[in-house]
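# Working through the structure, step by step
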Amino acid sequence: MKLAQRMSRLGTETAFEVLVRAKALEAQGRDVVHLEIGEPDFDTPANIIEAACKALHSGYTHYGPSAGLPQLREVIAKDVSQSRGIPVNANQVVVTPGGKPIMFYTIMALAESGDEVIYPNPGFPIYESVINFVGAKPVPLRLAEEREFCIDLEELRRKVTKRTKLIIVNSPHNPCGSVLCKEDLQAIAELTVKNDIMVLSDEIYGRTLYEGQFESITQFPGMPERTIILDGFSKTYAMTGWRLGYGVMPEELAGQVAKLMTNSNSCTASFIQVAGIEAITGPQDESYKMVAAFKERRDIIVKGLNQIPGIHCLLPKGAFYVFPNVSEVVKRGKFANTKAFADHLLQEAGVAGLSGTAFGEFGEGYLRLSYANSIPNINKAVQRIADAVAKLK
Ligand code: PLP
């Protein structure tokens with residue numbers, strides 16, 4: 001078969017591959033602790049499930065508008081307006097099956113050959129994949145541990161050229177758990193206004209924050225006109241398998257993204273959108289309880305990892321991942337690279353995690369572990385990693 005050339009430029013999300021390998025080991029009778037996939041281990045709150053069932057029985061089983069049901073778009077517009085302190089109207093909202101398609105559609109709609117897109121590295125792997133896919137040039141912006149995995153503004157300024165079309169920011173950040181402070185966001189905002197650059201602000205972990213208040217880049221002058229907010233229900237309401245997310249963007253772009261929806265999905269499942277209305281307008285206590293539980297688990301995993309000789313781990317401020325530095329252990333164990341160490345942990349210790357390089361070249365020397373798992377499982381994983389490290393010569 002002769003595939004289109006562009007397929008060779010498409011990357012992937014390693015978490016799903018490791019999940020398959022971990023499941024295969026389990027099928028052979030092995031016990032594996034899953035710290036690879038980024039999803040809450042909680043069930044979707046009952047009121048949301050109930051709303052979906054009711055919607056199914058009341059006929060929400062048909063196609064709907066490509067941009068989403070008007071009543072959900074209204075509710076999202078109000079919610080985003082309140083949480084970010086900016087005016088938003090429903091025409092700026094496009095509902096999609098998960099937040100991920102917003103990356104695809106935004107990059108597809110804005111970037112092409114000759115354009116440059118600056119993105120965080122380590123960062124969510126789909127950014128780089130889609131930038132390459134559309135033929136634009138990916139320009140990685142290193143997030144270094146010395147800066148607590150925040151953006152080096154000087155480096156960002158150096159990377160901006162006349163061809164820079166889009167800058168991607170993600171705060172709270174996957175995989176590093178870092179959070180951009182208001183001053184950094186303001187500096188990025190000023191840079192993009194001055195150079196007429198669009199911003200994709202991936203705010204999917206906006207609620208999964210352990211200290212302070214969530215800050216969106218859209219709060220600064222000139223930003224609502226040039227920002228696409230990516231958000232959704234997967235992480236906040238433990239709805240990963242439902243596939244429900246959205247983008248908030250200038251109206252002109254929303255029309256184009258809706259056209260991409262018409263050309264691909266037609267629309268997001270109607271009854272799921274009705275459940276989304278309940279998620280936003282119904283009681284929020286389950287969602288806050290999840291964040292409190294993640295915080296407790298974060299403290300346990302960070303403390304446990306820091307007790308292992310050769311591993312050190314910063315305390316993440318948001319999302320539900322740790323990004324421990326394991327470079328010393330990789331060296332001591334004479335592993336070819338961090339991926340080989342991550343493979344070793346899965347095969348020999350029954351701990352499924354990801355190499356930092358699954359998030360880009362600057363992830364070498366780090367692991368990404370999701371702590372959206374029970375405390376007994378986290379303790380088991382930490383003990384297994386400690387034992388595996390102790391066995392290295
Ligand atoms: N953005 C980031 C940074 C993520 O980590 C994820 C999922 O892991 C998404 C977006 C997409 O989430 P979903 O498509 O499940 O809504």
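Residues numbered from 1 in each chain as written. Predicted model: local features only at pLDDT ≥ 70, side-chain atom pairs only at ≥ 80, totals over all residues. Heavy atoms only, no water.

## Section: the overall build of the protein chain
Rules: Helix and strand assignments come from DSSP, with helices taken as H or I runs of at least 4 residues and strands as E runs of at least 2, each series counted from the N terminus. The globule rule is 2.2 Å times the number of residues to the power 0.38, and the radius of gyration it is compared with is taken over C-alpha atoms. Each residue is assigned to one of three classes by its accessible area relative to the maximum for its type, calculated with a 1.4 Å probe on protein chains only: buried under 20%, partly exposed between the two thresholds, exposed over 50%. In what follows, residue pairs with any heavy atoms lying within 4.5 Å of each other are defined as contacts. All accessible-area figures derive from a Shrake-Rupley calculation using a 1.4 Å probe, and residue coverage is judged against the displayed protein chains alone. Positive residues here are Lys and Arg, negative ones are Asp and Glu, while His and the chain termini are left out of the count. Charge positions come from single atoms, namely NZ of Lys, CZ of Arg, CG of Asp or CD of Glu.
Counting its regular elements, the protein chain contains 13 helices and 12 strands. The C-alpha atoms of the protein chain give 21 Å as radius of gyration, which agrees with the globular expectation for 393 residues (21 Å, within 12%). A principal-axis box enclosing the C-alpha atoms of the protein chain has dimensions of 60 × 55 × 55 Å. Taken over 393 residues, the protein chain has a buried fraction of 58%. Considering only contacts in the protein chain between residues 6 or more positions apart, those separated by 24 or more positions represent 73%. Surface exposure of the protein chain reaches about 17200 Å², of which carbon and sulfur atoms provide 52%. Separation of charge centres in the protein chain, based on 42 positive and 44 negative side chains, amounts to 4 Å.

## Things to note about the pairing of strand 6 (residues 198-202)
Note on strand geometry: in a regular strand, side chains alternate between the two faces of the sheet. Applicable threshold: Between any two strands, at least two bridges found by DSSP are needed for them to pair. Seen with the strands pointing away from the viewer, any crossover whose path from the first strand over the helix to the second strand runs clockwise is right-handed.
Within strand 6, five of the five residues are buried, leaving the element largely enclosed by the surrounding structure. Here strand 6 shows a buried face lined by Met-198, Leu-200 and Asp-202 and a second buried face lined by Val-199 and Ser-201. Pairing geometry for strand 5 (residues 164-170) and strand 6, over five bridges, is parallel. From the neighbouring strand, Val-169 faces strand 6, where its bridge partner is Ser-201. Taking the sense of rotation as the criterion, the β-α-β connection linking strand 5, helix 7 (residues 182-194) and strand 6 turns out right-handed. Across four bridges, strand 6 lies against strand 7 (residues 227-232) in parallel orientation. For Asp-202, the partnering residue across the bridge sits in strand 7 and is Leu-230.

## Notes on the domain arrangement of the protein chain
Just so we agree on the cut-off: Domain boundaries shown here were taken from an automatic or database domain assignment. Joining two parts hides part of their accessible area as seen by a 1.4 Å probe, and the buried area is that hidden amount summed over both. We count a salt bridge whenever a side-chain nitrogen from Lys or Arg sits within 4 Å of a carboxyl oxygen from Asp or Glu. Counting of polar contacts relies on pairs of N or O atoms within 3.5 Å, with two restrictions inside protein: one atom must be capable of donating a hydrogen and the other of accepting it, and residues adjacent in sequence are counted only when both atoms are side-chain atoms. In this classification, Asp, Glu, Lys and Arg are treated as charged, Ala, Val, Leu, Ile, Met, Phe, Trp, Tyr, Cys and Pro as nonpolar, and every other residue, Gly included, as polar.
What the domain assignment reports for the protein chain is domain 1 (5-43 + 286-390) and domain 2 (46-281). On a C-alpha basis, the centroid separation for the pair domain 1 and domain 2 is 25 Å. Domain 1 puts 40 residues into the contact, and the matching count from domain 2 is 36 residues. Where domain 1 abuts domain 2, roughly 3400 Å² becomes buried across the two surfaces, and 59% of that area is made up of carbon and sulfur atoms. Put simply, domain 1 and domain 2 have two salt bridges between them. A salt bridge links Glu-13 to Lys-100; its shortest N-O distance comes to 2.6 Å. Seen at the junction of domain 1 and domain 2, the total is 22 residue pairs in polar contact (both at pLDDT 80 or more). Of all the secondary-structure elements, those providing two or more residues to the side of domain 1 that touches domain 2 are helix 10 (285-306) and strand 9 (321-322). With seven residues, the single largest contributor to the side of domain 1 that touches domain 2 is helix 10. For the side of domain 1 that touches domain 2, the class distribution of residues is 21 nonpolar, nine polar and 10 charged.

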